[in-house]
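A structural walkthrough
Residues per chain, in single letters:
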Amino acid sequence: MATTISLNNVSFHYGERTILENIDLQLQEKEFLGVVGPNGGGKSTLLKLILGLLTPTSGEIRVFGQTPRQARSRLGYVPQFATFDSAFPITVRQTVLQGRLGRNGGFQLRYSAQDQAVVTSVMEQTDILELQQRPMTALSGGQRQRVLIARALASEPEILLLDEPTANIDPEHGENVFSLLHRLHDKISIVLISHDMGFITRCVQRVACLNRTLVCHATAPVRNSLMERLYGIPLSMVDHSTHLSPGEQS
Amino acid sequence: MTFFEAVFQLDFLLYAFVGALLASVACGIVGSYVVVRRIGYMAGGIAHAVLGGMGLAYFLGQPPMSGALLSALAAALLISWVNHCASQQEDTIISALWAVGMATGILFIARTPGYNVDLMSYLFGNILMIAPQDLLFIALLDTAILALTLLLYRQLLLVCFDPEFAVIRGLRVSVLQTLLLCLIALTVVILIQIVGLILVIALLTLPAATARLFVTSLSGMMILATLIGSIATVAGLALSFHFDLPAGALTALLCGSLYLLSMLIRRP
């Protein structure tokens, strides 16, 4: 399988502080990678490096064989809603349409019929079509998260990158986000950052544990029916004894 | 004689009336950006720095409004540069610009020979002094603001809502942010003639903040803010006519009262 994102010996320093050290990571086509780690462990920094919002202090990042800046139009980014102004006057549809901006470069006086059609289709996929005329201020945390996923999908990305999609969401809505990602995974690669270990091990194929340095694990199905009863859903568990070289899959 | 009869009989009142309506357009559009982007402090910095340019123009015997326009744009570019290169010190540098601009202006005006009647009208505005050529100048600035906003509405909306996503979508965010500050600079120059530079911030934030309580889109906010701005400026002018009080201060107070009232109405 083709490699889509590759990080070779990447380090990032913020002033004197080392945020990331010697990171090696290969993401394969159609892979679902989870990145977990403590707060301040460099998870968001890793995403921003892949998106080309930050430049590594040393090492090399390639996305589809290009630099992150060249390739970022092929990436779909889902930020945390908590960082937004929750009183911003904007409707759901207007927000999702933002994903169509910048595709033709320069001025864009109006959204084309094709833009509108793509937006309608991704809103159907993410189950927010009936909310399209609602203001963002009137939505729940889970609904906002799905709007941001829809906006990222509207740019027709080849890889979806999500930053803490279950932060500030109650478990039931987290479950909806999980099943949505599971459906999307048929079509695109996904990189998901979360501090929520339970969430991440349910949906991903491979987990990267990040706390300044990075260690990858494969996930294996849990046979223990007690665990399933405990969570009420099928689980995968991270087997920390399986040490795979980066990029390798079980 | 009522205010509206007087508007059609007294030229200076008609000019003031038209000036108030024209200024409301810039105030509604650009004020909405200032409120959603939360850059009232930057707008305040630009407004006060303008006195330096006006003072210099006055001292050199040039039209003060040309000095205002140049210094407002220079302040906008400087703030945008600081924002880009040294964002940690942004707050301090805006404060410095604010105070140094005013001090420079006051010194130039003090050294200008003759009777300095204009200082107070720069600070607090004198809408009754507006001449037909001022109206033309305001209309030109309005046209520039309106045209740029229509052309770049979607891009500016995204830059205000989520600048990081705008970068990923390939928009030239720093150029758009600089442009936004330049639009604020043009609006400041317009509003100085209506309410004076100290009260500019009232018209640049309160009508838009009031409008935001009732709308679900940025364009709706701009239209409603324009409407609220024109009600406040015209009512301020009318009250000033009836009670012989300064129009600028009345307008600012009306904006504040409308905002407070709307907060009470919209609060469940």
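The rules behind these values
- Residues numbered from 1 in each chain as written.
- Chains lettered and ligands numbered in written order.
- Predicted model: local features only at pLDDT ≥ 70, side-chain atom pairs only at ≥ 80, totals over all residues.
- Heavy atoms only, no water.
- Helix = DSSP H or I, 4+ residues; strand = E, 2+ residues; numbered from the N terminus.
- Buried < 20%, exposed > 50% of the residue type's maximum accessible area, 1.4 Å probe, protein only.
- Contact = heavy atoms within 4.5 Å.
- Areas by Shrake-Rupley, 256 points an atom, 1.4 Å probe, with all protein chains shown as cover.
- pLDDT = per-residue confidence, 0-100.
- Buried area = accessible area lost by both parts, 1.4 Å probe.
- Salt bridge = Lys/Arg side-chain N within 4 Å of Asp/Glu carboxyl O.
- Polar contact = N/O pair within 3.5 Å; in protein donor to acceptor, adjacent residues only side chain to side chain.
- Nonpolar A, V, L, I, M, F, W, Y, C, P; charged D, E, K, R; others polar.
- Pairing = 2+ DSSP bridges.
- Axes fitted to C-alpha atoms, helices over the stretch in contact; angles between N-to-C directions.
- Expected span 1.5 Å × (residues − 1).

The next point concerns the overall build of chain B. Helix and strand content of chain B: twelve helices and zero strands. Sequence-ordered secondary structure for chain B, helices as α and strands as β, is α-α-α-α-α-α-α-α-α-α-α-α. Looking at chain B residue by residue over its 268 residues, the buried ones come to 53%. Long-range contacts, defined as pairs at least 24 residues apart, comprise 74% of the intrachain contacts of chain B with a sequence gap of at least 6. Here chain B displays about 11800 Å² of accessible surface, and carbon together with sulfur accounts for 71% of that area.

This next bit is on the confidence of the model for chain A. Confidence along chain A averages 81 in pLDDT terms, with 79% of residues attaining 70 or more. Low pLDDT, under 50, characterises residues 241-250 of chain A; the predicted model gives this stretch 19 contacts beyond four residues in sequence or across chains.

Here we come to the interface of chain B and chain A. With 25 residues of chain B in contact, the opposing surface of chain A contributes 31 residues. Together, the buried faces of chain B and chain A total about 2700 Å²; carbon and sulfur atoms form 64% of this surface. Its largest share of buried area at the contact with chain A, chain B owes to B:Phe161, B:Ile168 and B:Arg169, together 30% of the area lost on that side. Taken together, chain B and chain A are joined by four salt bridges. The partner of A:Asp85 in a salt bridge is B:Arg38, and the shortest N-O contact between them spans 3.1 Å. Along the contact surface separating chain B from chain A lie eight residue pairs in polar contact (both at pLDDT 80 or more). The set of elements that each furnish at least two residues to the side of chain B that touches chain A consists of helix 7 (132-161), helix 8 (163-168) and helix 11 (218-243) of chain B. Looking at the side of chain B that touches chain A, its residues break down into 15 nonpolar, four polar and six charged.

Let's shift gears to the sheet that holds strand 4 (residues 58-63) of chain A. Residues and elements named next belong to chain A. If you walk across this open sheet you meet the three strands as 2-1-4, and the pairing is antiparallel. Only two strands of the sheet have a single partner each, and these edge strands are strand 2 (17-28) and strand 4. Direction aside, neighbouring strands of the sheet carry axes that sit 15° apart on average. Bridging between strand 1 (residues 3-14) and strand 2 involves eight bridges; their strand directions are antiparallel. Residue pairing for strand 2: Thr3 is matched across the bridge by Gln28. Sheet strands touched by helix 1 (residues 43-50): strand 1, strand 2 and strand 4. Its angle to strand 1, the strand with the most contacts, is close to 120°.

Our focus in this paragraph is helix 9 (residues 173-195) of chain B. Since the α-helix advances by 3.6 residues per turn, residues separated by three or four positions end up pointing in the same direction. Residue and element names in this part refer to chain B. For helix 9, which comprises 23 residues, the first-to-last C-alpha distance of 32 Å matches the rise-based estimate of 33 Å (1.5 Å per residue) to within 8%. Burial within helix 9 is extensive, with 20 of its 23 residues counted as buried. Within two residues after helix 9, Gly196 carries a phi angle of roughly 85°, on the positive side.

Bringing the pairing of strand 6 (residues 159-163) of chain A into the picture now. Residues and elements named next belong to chain A. The element strand 6 is largely enclosed, with a buried count of five among its five residues. Residues Ile159, Leu161 and Asp163 point to one face of strand 6 and Leu160 and Leu162 to the other, with burial holding for every one of them. Of the strand pairs in this sheet, strand 5 (residues 75-78) and strand 6 are connected by four bridges, and their pairing is parallel. Residue Gly76 lies in a different strand from strand 6, and its bridge partner there is Leu160.

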